[in-house]
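Structural description and commentary
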Amino acid sequence: MSNKIEIYRDYINKYLNLYFDNKGSYNRVIYDSASYSLNIGGKRVRPILFLLTYGLYKDNYRDVIEMASAIEMIHTYSLIHDDLPSMDNDDLRRGMPTNHKKFGESIAILAGDMLLNEAMSLLIQFSIKHGEKALIASREIAEAAGPEGMIGGQVVDIINEDKLISKEELLYMHNKKTGELIRISIVAAAILANAPKKDIEILNDFGLKLGLAFQIKDDILDIVGDVSKLGKNTKSDESNNKSNFISLFGLEYCERECINLTKECIDLLKGLSVEAIELEEITLDLLNREF
């Protein structure tokens, strides 16, 4: 793991750990609930990808922590809601009780809602300070989190429980549910950094492939992963009768596909106008991760 990636992770963690300090009064529990899920050991993949991409073109990463953190808030809200009894009904996340197990279902729902609202507020504040490029990037993030992005993928996931779906629908589900926030973490940073148009196109393709590889790896770990390393229960899709790449194509195909997609990601990065050593490194780290 490169020093830069660790520096970024530490900076993100410090920012998010302090974010909800000294907020709230009679409603304090909502800040405690949101902060609990936001700070129980996430990998910070999305904000790190954002800062790494921005850093290809600009060197003032501390100035853009708000946008990186907004993306992590959106991701965390989605996890809180995913874990709910009406969704995946999970009781373990990152090795700790899920939000609704600790704070109750009603507060968990509201904590997810609050994190999404807080993310949008952060993006608006950031755009007011940083102008048109920030506003364009913020709009892209909002759309990636919406019904044609992450939520769209979640809908397809839910309505197809107990059904065998086509490869096309499965790709849509994975690309949207997981891939969109990964893709937009990269693309929004490139937009904000005023990267060349050709680089943005390459990074968009890179983000699509990386997001798909990430989800297929998740499917693999859901079958063969170690609960103590994953920090969540395995065989979740199987328990909920959900289709995934393993159920459609088998473990060996998925392992090969992850390797192929990772290679395609690295090849794309070679075509940028700048060197992207840390992005190459994190791409390989995500292929080889155990959680």
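Residues numbered from 1 in each chain as written. Predicted model: local features only at pLDDT ≥ 70, side-chain atom pairs only at ≥ 80, totals over all residues. Heavy atoms only, no water.

**As for the overall build of the chain**
Regarding its fold elements, the chain presents 15 helices and two strands. Expected size for 291 residues packed as a compact globule is a radius of gyration near 19 Å; at 18 Å, the chain falls within 12% of this value. Projected onto its principal axes, the C-alpha coordinates of the chain cover approximately 50 × 45 × 35 Å. Of the contacts formed within the chain by residues at least 6 apart in sequence, a portion of 74% connects residues at least 24 apart. Total accessible area on the chain stands at roughly 13,100 Å², and carbon and sulfur atoms take up 52% of it. (Helix = DSSP H or I, 4+ residues; strand = E, 2+ residues; numbered from the N terminus. Rg over C-alpha atoms; globule rule 2.2 N^0.38 Å. Contact = heavy atoms within 4.5 Å. Areas by Shrake-Rupley, 256 points an atom, 1.4 Å probe, with all protein chains shown as cover.)

**Remarks on the packing of helix α3 (residues 45-55) against helix α15 (residues 277-287)**
It is the contact of α3 with α15, at a shortest axis distance of 10 Å, that shows an interaxial angle of 160°. Classified by the angle between their axes, α3 and α15 sit roughly antiparallel to one another. Once α3 is placed against α15, the crossing between them reads as left-handed. Within the contact between the two elements, α3 uses V45, I48, L49, L52 and T53 and α15 uses E278, L279, I282 and L286. Residues belonging to the contact of α3 with α15 are distributed by class as follows: seven nonpolar, one polar and one charged. (Axes fitted to C-alpha atoms, helices over the stretch in contact; angles between N-to-C directions. Parallel < 35°, antiparallel > 145°, perpendicular 65-115°, else oblique. Left-handed = near helix turned anticlockwise from the far one by under 90°. Nonpolar A, V, L, I, M, F, W, Y, C, P; charged D, E, K, R; others polar.)

**Some words on helix α1 (residues 3-19)**
The terminal C-alpha atoms of α1, which comprises 17 residues, lie 24 Å apart, in line with the 24 Å expected from a rise of 1.5 Å per residue. The inward-facing, buried residues of α1 contact α2 (28-38), α3, α4 (65-82), α6 (105-130) and α15. (Expected span 1.5 Å × (residues − 1).)

**Comments concerning the pattern of salt bridges**
Summed over all chains, the structure comprises 12 salt bridges. Where R139 meets E143, a salt bridge forms, and the shortest distance between an N and an O atom there is 3.1 Å. In this pair, R139 and E143 are both assigned in helix α7 (residues 132-144), four residues apart and thus about one turn of the helix distant. (Salt bridge = Lys/Arg side-chain N within 4 Å of Asp/Glu carboxyl O.)

**Thoughts on empty space enclosed by the protein**
Throughout the structure, instances matching the rule amount to three cavities of 30 Å³ or more. If you add up the space inside the largest cavity, you get close to 70 Å³. In terms of lining residues, the largest cavity is bounded by S37, I40, L79, I80, D83, R93, R94, T98 and N99. Those elements that place two or more of their residues in the lining of the second largest cavity are α10 (197-224), α14 (251-269) and α15. (1 Å grid on protein atoms, 1.4 Å probe; cavity = no way out; pocket = protein on both sides within 12 Å on 5 of 7 lines; lining within 4 Å. Points joined across faces, edges and corners; volume = space filled by probe spheres on them.)

**Describing the environment of Y8**
Position of Y8 relative to the elements: it lies in helix α1. On the basis of relative accessible area, Y8 is assigned to the buried category, the value being 5%. Taking the C-alpha atoms as reference, Y8 lies 9.6 Å from L49; in sequence the two are 41 residues apart. (Buried < 20%, exposed > 50% of the residue type's maximum accessible area, 1.4 Å probe, protein only.)

**Some points on the packing of helix α8 (residues 150-159) against helix α9 (residues 167-192)**
Two measures define how a pair of helices packs: the angle their axes make with one another and the distance between the axes. Close contact between α8 and α9 brings their axes to 7 Å; oriented N to C, the two are set at 140°. Comparing their axes, α9 and α8 come out oblique. As α8 runs across α9, the sense of the crossing is left-handed. Contacts from M150, G152, G153, Q154, V156 and D157 in α8 reach E169, Y172, M173, K176, K177, E180 and L181 in α9. Along the lines of polarity and charge, the residues of the contact of α8 with α9 split into five nonpolar, three polar and five charged.

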